[in-house]
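What the coordinates show
One-letter residues, chain by chain:
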Amino acid sequence: MLDEPIHQKEYLVNGLIQTWDGPVQEVLSPVMISEGRDANPFLLGSYPLLTEKESLEVLDAAERAYSNGRGEWPTMPVEERIRHMELFVFKMTDKRQEIVRLLMWEIGKTLADAQKEFDRTVEYIRDTIEALKDLDRNSSRFVMEQGIMGQIRRAPLGVVLCMGPFNYPLNETFTTLIPALIMGNVVIFKPPKLGVLLHYPLLEAFRDAFPAGVINTVYGDGQAVVGPLMKSGRINVLAFIGTSRVADILKHQHPKPHRLRCVLGLEAKNPAIILPDASLDLAVNETVLGTLSFNGQRCTALKILFVHRKISEEFLEKFSQKVSSLMMGMPWEQGVQITPLPEPGKSRYLLDLIHDAEALGARVINEKGGEVHGSFFFPAVVFPVDSRMRLYHEEQFGPVIPVAVFDDIEEPITYMVQSDYGQQVSLFGNDPQQIARLIDPLVNQVCRVNINSQCQRGPDTFPFTGRKDSAEGTLSVSDALRVFTIRTLVAAKNSTQNKDLIKEILRGNQSAFLNTDFIF
């Protein structure tokens, strides 16, 4: 239990933590507290509902800090920016316990998953620092081509608006925010609607670790605070993880879309294909994890299972038994796997999907499937689903698992070809020839083919992206450094005069960009 509600009145702008005395948004936990015979959501606290005025003040502060690329931060040597980031991560680690606790209370993440999310984020920052050192070392040399000498480095893009998702509000937000910052951009950060308060403990760390205006925060309704930012035309990069519908709205609000770089992580409807020769116990274990880790609230979750008819009965029996054995409880309870859903109205939506499928011939086949208790929704295995049903097409983003049977492998392949999404697929089977025949066409439909394992994002050194409506831009530790920058070079004819000029600049260490320093 939290000691007392967290009523956040502060936001960070221009290196100062400002106090807000206007309207606030209450934050209710998905964890419900018994009061007599009733159970009510626990009041976690509140956060500021800023207006267009404050939003544009934040934008002004960010632009002053960037100063058209002439500010202290974008012109700072890479080694110095790294020192600022190292200070931030040092201060961040002191807040581990607070943030982990808020991850449990604010979005219903289990204790183990909350700890993993925090620790993975810290590891991601440290890996990003090392990747930047490698990138800078590789850029420290001069290139000589056709009588021209040049040095090619990566330069920042400007003001970045970072908006992360509620399901990984710390980790996935920081996979864009951290590389954007460390590469010399300035950032305006808006936390997700669910998962706001867990960032509150980091306000002082941001303030103390970075120069004024380099990182700023906004809170409130998206139309009130994000709309004005986009409509201003002064946002250079949109880093957004959420739905394609919202991403399209944001992009269309920008008056100069050709000047807007977008880094987007959007929906997915990742299928698993269980072939007739699959190792069933392995397939069951991986697909249960893939469909129901954090209640299935992951873009990388398996959202539909295609099972060959020959093994469907045995697979479904094993799969349903394992799902029904999952422990439902509070996030901090040992061994709990199913926790409260944080999104208001989510249970109603999931039940609507189930009822639609049932009306068209499917049924819930596992014990307790689809039972609702307050904010708890027990996972439902729905079988058999087909193309007439909403569950076949819509990303449910929750603990409902549609299962379809197939006789011909072309059926799931056609599904993927026709899908609006193209993030990942999981293949389960043991015939090398058949797996090989599937790999070649499927890598042209999705960006990651997982063999005998669930879909996932990690390790963070692997590229993470998607085709179609699933993503724009590639995120990994090294790719993210590139996506928030542009290749820029200084070039000169290879003459004695130019050589002497450049040597003088290098000897005097007079330029942060044009230098041959080697970062250890």
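Residues numbered from 1 in each chain as written. Predicted model: local features only at pLDDT ≥ 70, side-chain atom pairs only at ≥ 80, totals over all residues. Heavy atoms only, no water.

Let us look at the sheet that holds strand E7 (residues 148-156). The 3 strands are arranged E6-E7-E25 in an open sheet whose pairing can be described as antiparallel. Both outer strands of the open sheet, strand E6 (143-145) and strand E25 (485-493), are each paired with one neighbouring strand and no more. Here the strands of the sheet are splayed against their neighbours by 35° on average, with no regard to which way each runs. As judged from the 9 bridges shared by E7 and E25, these two strands associate in the antiparallel manner. Paired with Ile 152 across the bridge in E25 is Leu 489. (Pairing = 2+ DSSP bridges. Helix = DSSP H or I, 4+ residues; strand = E, 2+ residues; numbered from the N terminus. Axes fitted to C-alpha atoms, helices over the stretch in contact; angles between N-to-C directions.)

Our next topic: empty space enclosed by the protein. Tallied over the full model, the rule gives 4 cavities of 30 Å³ or more. Roughly 110 Å³ of volume is contained in the largest cavity. Surrounding the largest cavity, 17 residues form its lining, Leu 264, Gly 265, Phe 464, Ala 471 and Leu 475 being those nearest its centre. Contributing elements (two or more residues each) for the lining of the largest cavity: strand E12 (261-265) and strand E24 (471-472). For the lining of the largest cavity, the element with the highest residue contribution is E12, accounting for 3 residues. Classifying every residue of the lining of the largest cavity gives 8 nonpolar, 6 polar and 3 charged. Approximately 60 Å³ is the volume found for the second largest cavity. Around the second largest cavity, the lining residues are Lys 269, Asn 270, Pro 271, Tyr 415, Met 416, Ser 419, Tyr 421, Gly 422, Gln 423, Gln 424, Gln 445 and Val 446. Of all the elements in the fold, those that place two or more residues in the lining of the second largest cavity are strand E13 (270-274), helix H13 (410-418) and strand E20 (421-422). Residue composition of the lining of the second largest cavity, grouped by class: 5 nonpolar, 6 polar and 1 charged. (1 Å grid on protein atoms, 1.4 Å probe; cavity = no way out; pocket = protein on both sides within 12 Å on 5 of 7 lines; lining within 4 Å. Points joined across faces, edges and corners; volume = space filled by probe spheres on them. Nonpolar A, V, L, I, M, F, W, Y, C, P; charged D, E, K, R; others polar.)

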